[in-house]
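Structural description and commentary
Residues per chain are reported as follows:
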Amino acid sequence: MRAIESSKLLVLLILPFLILGSGFQECPFLGPDFLAPTNLAASSSFQTALSTLKAKIEAGITSGVLAPNSTSFSVELFSIHDAKPLFDFHHAAPNLLSNGTRTIDGDSIYRIASISKLFTVYLWLINAGDVQFHDPITKFIPELARASHLYSENEAADFVDWDSVTIAELASHISGIGRDYFADLLVILPSSTLSPFGFPPVNTSDLVLCQDFDNCGRDQFFKFLTAHHPVFPTATTPVYSNIAFQILGYALESITKKSYASLLRNSLATPLHMGSTFSSPPNDTSHAVLPGTSVNWDLGYQDFTPAGGLYSTAHDLTTLGRSILSSTLISAPLTRRWMKPLTHSATATFSLGAPWEIWRFALPPPSQPRIIDIYTKAGDTGPYHSVLALVPDLGIGYSVLIADGVGTVSDARSVLSAWVNDAFVPATEATAREEAAVNFAGEYKSKNKALNSSLTVTTSPSHNGLGLSSFISNNTDMFTVGGLLLGGVPRANVSIRLYPTTLSNSKKGYGSAVKQVTWRAVFENTGNTADEGFFGCGTWVGADGNMYGNVGVDEILFTLGNNGKALSVEARAFRATLDKI
């Protein structure tokens, strides 16, 4: 093979690869390491994982872990590529009221509590986009604009700086304002009853209180809100705020000149055919899950509905989740911006978005260490507990809906969600790897025998992404070149792995080729056992770090047939198409 002028290569190419830093464990990009699987239902390993999950839930009922005598629940798993749910499990406790359903299925209606917040932000993005996310709330709420003069730097502990509170901060719990208006102890008990607990007597007629949803209309709400002290300065730390979403509901109505109920109906429920999602208590309770008491079921949330007042079903939440992951109602770039964290929490594995509660799930062995972000929104109101979870890297999601009986506060949501995560996410990742082996793995060669260019693509359960076991370009061993790029690493220690960018070209009309997809190569030194460098897992620093003729040396293009299988591959900087053999 052709001799390599190593000194010139080192001078020109080494820097972007050296800053990848150090400790060897594979360092993928943030995001998927394979294309999302398109046929989970046909995967035997995936079906085995679902059987294990079903057995675990059944055992949880038998053992009492899921409080089956008082707690009813629904679990539903879905993929953007499967029209029907991948898995569903429903349990009806014996204490369900007869004026509701006694048989629970995917069309049974629960209160979904704070999942309503996700609907509210989605409605905002559908109707107004995110161009106003960094605008102050005073632009949309005249009551807060009038109250903004109360704030000064000399009284920052007593008054909210409303001119600095933005839409995005309200939507991601970092506005610094309080949680609720109905949590005041004086709303529940008289001052005289609270005095023995150390609280001084007060004259409630001198206070601005919101007693409940029916007695806290817009005027009273803003009187309370503008008198309430801030909790933190804006953009400081997450502080869960229900009232932030009542404010967002008012702002959305101001922008669109439509009621929240009509926005829900016309922007989501009707176009997505979500016929069992409601903004007020449905008159027909035949599908309602009523867990031994209906006291919370028919409580209308009025102006608080954008924060927690919606009703829905497992099937409708599946429809909503597929819509978000598939960008059916907003653009794909807007979806990607939305599904990102806006702030961290004090827990290393938990961040927040608008209004996402983002768990960073670590894939278990034999996988190389890799994080998969699970975008969730949970909710609690009375006996109802819920969560909707989406995994954009894998194109999947699930919902868990709980209705506890009278006097029962089960941990069923946490237990079921943990079981689903442990089974669903690794099994989907494994299926993505299986599909990648079928669609991409194999040997590719140039038809021009004089060129001597080829590469071999592999997959392995213990490695991230696609791997290259050989790579010859124009009679040159690219693993040797990779060793030079890494600073003089022996060829035997060079790893080249490929990760999908999800960027693609349509090739319809070009014979059997229908699509082209790009991946990016990552060169790593498997002999490096030091800790991560300054940039952490630093692949993101070196991507596209070297070019040849204005094309990244790390850019790989696969051309696919109509069955999704690769027909050819091109390391684009090297200007040679290699056909799969």
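Each remark here, short or long, concerns the structure printed above.
Source: prediction; values computed, not measured. (Residues numbered from 1 in each chain as written. Predicted model: local features only at pLDDT ≥ 70, side-chain atom pairs only at ≥ 80, totals over all residues. Heavy atoms only, no water.)

1. Re the overall build of the protein
Looking only at helices and strands, the protein has 16 helices and 19 strands in total. With the C-alpha coordinates of the protein rotated into their principal frame, the extents come out at 90 × 60 × 50 Å. Out of the 581 residues belonging to the protein, those deemed buried represent 52%. The contacts of the protein with a sequence gap of at least 6 include a subset with a gap of at least 24, amounting to 69%. Only carbon and sulfur atoms are counted for the fraction: they give 54% of the accessible area of the protein, which is about 25200 Å². (Helix = DSSP H or I, 4+ residues; strand = E, 2+ residues; numbered from the N terminus. Buried < 20%, exposed > 50% of the residue type's maximum accessible area, 1.4 Å probe, protein only. Contact = heavy atoms within 4.5 Å. Areas by Shrake-Rupley, 256 points an atom, 1.4 Å probe, with all protein chains shown as cover.)

2. Considering the pattern of salt bridges
Per the counting criterion, the structure on display carries 18 salt bridges. Residues Asp135 and Lys139 are paired through a salt bridge, measuring 3.0 Å at the closest nitrogen-oxygen approach. Using a relative accessible area of 17% as the deciding quantity, one classes Asp135 as buried. Its relative accessible area of 54% is what places Lys139 among the exposed residues. (Salt bridge = Lys/Arg side-chain N within 4 Å of Asp/Glu carboxyl O.)

3. Things to note about the environment of Asn562
Relative to the assigned elements, Asn562 resides in the loop between strand S17 (555-561) and strand S18 (566-571). Look at Asn562 and you get exposed, because its relative accessible area is 68%. When the C-alpha positions of Asn562 and Lys508 are compared, they lie 9.1 Å apart, and in sequence the two are 54 residues distant. In this view, Asn562 contacts Ser512 and Val514; residues no more than four positions away in its chain are not counted.

4. Examining empty space enclosed by the protein
Within this structure, the stated rule accounts for 2 cavities of 30 Å³ or more. Computed from the structure, the second largest cavity encloses a volume of approximately 40 Å³. What lines the second largest cavity is Thr120, Val121, Trp124, Phe133, Ile167, Ala171 and Leu248. Elements supplying a minimum of two residues to the lining of the second largest cavity: helix H3 (115-128) and helix H5 (167-171). Of the residues forming the lining of the second largest cavity, the biggest block, 3 residues, is contributed by H3. Looking at the lining of the second largest cavity residue by residue, the class counts come to 6 nonpolar, 1 polar and no charged. (1 Å grid on protein atoms, 1.4 Å probe; cavity = no way out; pocket = protein on both sides within 12 Å on 5 of 7 lines; lining within 4 Å. Points joined across faces, edges and corners; volume = space filled by probe spheres on them. Nonpolar A, V, L, I, M, F, W, Y, C, P; charged D, E, K, R; others polar.)

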